[in-house]
Each structure stands twice: as C-alpha cells, then as structure tokens.
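Chain residues, written in single-letter form:
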Amino acid sequence: MKKSLLYIGNKLSGHNATVTSIETLGLLLEKEGYTVFYASSMKNKILRLSEMILRTIQYRNKVEYVLIDTYSTYNFWYAFIVSQLCRIFSLKYIPKLHGGDLPNRLEKSPILSRMIFKHAYINIAPSDYLLEAFKNRGYARLICIPNTIEIQNYSFKSRKKCRPKLLWVRSLSDIYNPEMALKVFFKIKKDFPDAKLCMVGPDKDGNKRKLKQMAKKMGLDVVFTGKLSKSKWVKLSEQYDIFLNTTHYDNTPISVIEAIALGLPVISTNVGGIPYLLKDRETALLVDDNDVDGMVAGIRELISDENLKDKLVMNALNLVQQFDWDIVKNKWLKILV
C-alpha cells in the first residue's frame, strides 16, 4: 500500500505565479498511488507560513513523510520552521533542494542549515551541482533525483534552419536577468532587422513595467505574454528557433529542459548548476554571466552554422531523456517506501 505525505511549498500558480515542483511532482506522485496533502496556496506570506505550520500539526499522525521545497531566500524560513516541527513530532522530512544560490545560504546560515539538513530523512538534490555543494560542506544524507518532465507531452520540432526568432521563458525576476535578453535583442536586430523576441512569464519584482519601458526606449518590439499555461507556451514555441536563458543564478531549470525537448537549441549563461546540466558546444552554447556580446555571437553562429545547431539539438535531446518521469519515478519510489 502506497504511503501518505504532506508536501510543503509555494502552490501559487492560481495567483499568477509560475508553476513549481509542488504542483508538478505532487500530481505525478498522486498518479503513482500516493496520497498527497498540500500547503500552501495562500498568497500572503504570513498566512502561507501559518497554514504550513497548521497542516504539519494537523497531519502529523496521518502521513509518513513531509516533503519540503527548500530555497535560499525567504522560503528558507518556511523550510526551517516546518523541519523543526517535524523533528518535534518525529516525522520523516525530506528537503527538496532548489535554487542556484542555496550553497551561499549554507555559508551564511551554517547553524540553521545543519538543524534542517543534518536531521533530514534524506535531502533530495536535483543536480550534481547541489549534491556536490552539500557534500563539500559535510552533509551525507543526500541523493540526486533530477527535476522531471513527461517527455510525451512535448512535441519535438525539427528546425531545418535557425532564424533570429528568440524565446525566453521565466518569471520576470531580477535573478533571471530579463534585461539581458533585451540587450541581446537590441544588438541582434542590427544584423537581422526581422528578428523577434518573445518573453513568457509572470511579472515579478514589478519588472514587467520597467522592461516594457526599457524596450520602448531601445525601439524594440518585444512580445510580453505574461504567464501562460504549459500547453500554450509549448504551442507558442513552434514559432521560435532559439531559446535564451539569461539567469544570474540557476540550478536545473525545467524551462531549459522543456525547450530542449521541444527541439530548441539553447544559449545560456554558464552559472550555478548550468555547467553540470549542459556542456558548452556539445548540448548548448554557454556564455559568462551577463555576457551580452557572447550571447549575440552565439545566436549568429547558430544562424550561420546548421551543423552546429543540429549537433547541439540532438545531443541535448539524448540528454533530456533521463529526465522523463518514467525513469525518474523509480528513484522516488525507492525512497517513499
């Protein structure tokens, strides 16, 4: 008989936020027969934390595991408080590690970090990047289980030739450096007047207005779609030929994995967990953080060199097969026994 678990995280897609692991992994586990309770979908941070605490207390005798999405910023405090409640109630809790900046949190908050991660049933790192970072700081209860997609939901499109049709998919947050995409687009338009840029994702940090003003000032016609459902942006991707990932910090971004599954060649900043996921000139083109000229050069190369484009696309497609749920689920099933 499959076990029950409480999933703690930010279930906020109903509030115009990006869908996160709690909504994707949670549903996949339900399909495997697990009973999953959730907290929280409250928009207000204080109410969200309150519900997380309440649900932990409420379900302490009904669940075998508590799965906690764990980030480096204010969400770190959700993980800390819930994990310590789990310790009080002798509940097995499993931090699911997120965010390219989490290693810095280990350095800034060593005592609190040990209180969470040293006492966890197991810590789930979605990449070798975080696995290595935690091991180097003395944590032993670790396993790598990659972020997952259902490959069959993504229609691979073979692009015979790359055009300067650029797609960017993330929340419009400062850490993802959306301004870089505009700067890259500005330069590429000089060589390719018919170039296009579409930026998909919900507003974050009040950046959408600033980005629109910046685009207008630069004379750029950028499509800002706002938040789209998965099916809508997957359909939209058919109109574009190159995927840009401009982030300052990253771990194993699902949007990049999805883009690869859709047949889009990827140009990304080489930060955080990206070099653990992608290899330069083998599965993607990688540039330094905020290297606008490097990304522009990469776009030009993909447009002019069809062999390079085909090589990156096919190598990357082989890579993302390992992220398919039918493979990844076996690692979860071994833990949640």
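A brief structural summary. (Residues numbered from 1 in each chain as written. Predicted model: local features only at pLDDT ≥ 70, side-chain atom pairs only at ≥ 80, totals over all residues. Heavy atoms only, no water.)

1. Observations concerning the overall build of the protein
Helix and strand counts for the protein come out as 14 helices and twelve strands. The C-alpha atoms of the protein give a radius of gyration of 20 Å, which matches the 20 Å a tight globule of 337 residues would have. Overall, the protein is about 65 × 40 × 35 Å in size when its C-alpha atoms are taken along their principal axes. Evaluated residue by residue, the protein yields a buried proportion of 55% over its 337 residues. Counting contacts in the protein only where the partners sit at least 6 residues apart, residues at least 24 apart contribute 75% of the total. As displayed, the protein has an accessible area near 15100 Å², and 52% of this comes from carbon and sulfur atoms. Counting 51 positive and 34 negative side-chain charges, the protein places the averaged centre of each group 6 Å from the other. (Helix = DSSP H or I, 4+ residues; strand = E, 2+ residues; numbered from the N terminus. Rg over C-alpha atoms; globule rule 2.2 N^0.38 Å. Buried < 20%, exposed > 50% of the residue type's maximum accessible area, 1.4 Å probe, protein only. Contact = heavy atoms within 4.5 Å. Areas by Shrake-Rupley, 256 points an atom, 1.4 Å probe, with all protein chains shown as cover. Lys, Arg positive; Asp, Glu negative; His and termini not counted. Charge placed at Lys NZ, Arg CZ, Asp CG, Glu CD.)

2. What about the pairing of strand S3 (residues 65-70)?
Counted residue by residue, S3 has six buried out of six residues, so it is predominantly covered. Residue alternation in S3 divides its side chains into two sets, Tyr65, Leu67 and Asp69 and Val66, Ile68 and Thr70, and both sets are buried. Two strands pair when backbone bridges link them, and strand S1 (residues 4-8) and S3 are joined in this way by four bridges, in the parallel orientation. Across the sheet, residue Leu6 finds its bridge partner in S3, namely Val66. In this structure, S3 lies alongside strand S4 (residues 92-97), joined through six bridges in parallel fashion. Directly across from Asp69, in S4, lies its bridge partner Lys96. (Pairing = 2+ DSSP bridges.)

3. What to know about the nonpolar core
Within the largest apolar cluster, 33 residues are counted, with the highest numbers of intra-cluster contacts made by Leu182, Met199, Val222, Ile242, Leu244 and Ile299. Elements supplying a minimum of two residues to this core: strand S7 (165-169), helix H7 (178-191), strand S8 (196-200), helix H8 (207-217), strand S10 (242-245), strand S12 (285-287), helix H12 (292-304) and helix H13 (306-320). The residues touching Leu244, leaving out its near neighbours within four places in the chain, are Leu166, Leu167, Trp168, Val184, Ile267, Met295 and Ile299. (Core = buried A, V, L, I, M, F, W, Y, C linked by side-chain atoms within 4.5 Å.)

4. Here's the deal with the packing of helix H2 (residues 45-58) against helix H3 (residues 75-88)
Interhelical geometry of H2 versus H3 gives an angle of 20° and a closest axis separation of 10 Å. When the interaxial angle is binned, H2 and H3 end up roughly parallel. Remark: the crossing between H2 and H3 carries right-handed chirality. Together, Lys45, Arg48, Leu49, Met52, Ile53 and Thr56 of H2 and Asn75, Tyr78, Ile81, Val82, Leu85 and Cys86 of H3 make up the contact between the two elements. When its residues are assigned to classes, the contact of H2 with H3 shows eight nonpolar, two polar and two charged. (Axes fitted to C-alpha atoms, helices over the stretch in contact; angles between N-to-C directions. Parallel < 35°, antiparallel > 145°, perpendicular 65-115°, else oblique. Left-handed = near helix turned anticlockwise from the far one by under 90°. Nonpolar A, V, L, I, M, F, W, Y, C, P; charged D, E, K, R; others polar.)

5. Details of the state of the cysteines
Counting across every chain of the model gives zero disulfides. With no disulfide of its own, Cys198 lies closest to Cys162 among cysteine sulfurs, the gap being 16 Å. Judged by its relative accessible area of 0%, Cys198 is buried. (Disulfide = S-S within 2.5 Å.)

6. Some thoughts on unusual backbone geometry
The omega angle of the peptide bond from Ala39 to Ser40 is 15°, so this bond is cis rather than trans. Residue position: Ser40 is located in the loop between strand S2 (35-39) and H2. Of note, Arg281 is a non-glycine position whose phi angle comes to about 70°, a positive value. Judged by relative accessible area, Arg281 falls into the partly exposed class, the value being 35%. Here Asn290, not a glycine, exhibits a phi torsion of approximately 65°, which is positive. Turning to its location among the elements, Asn290 is positioned in the loop between S12 and H12.

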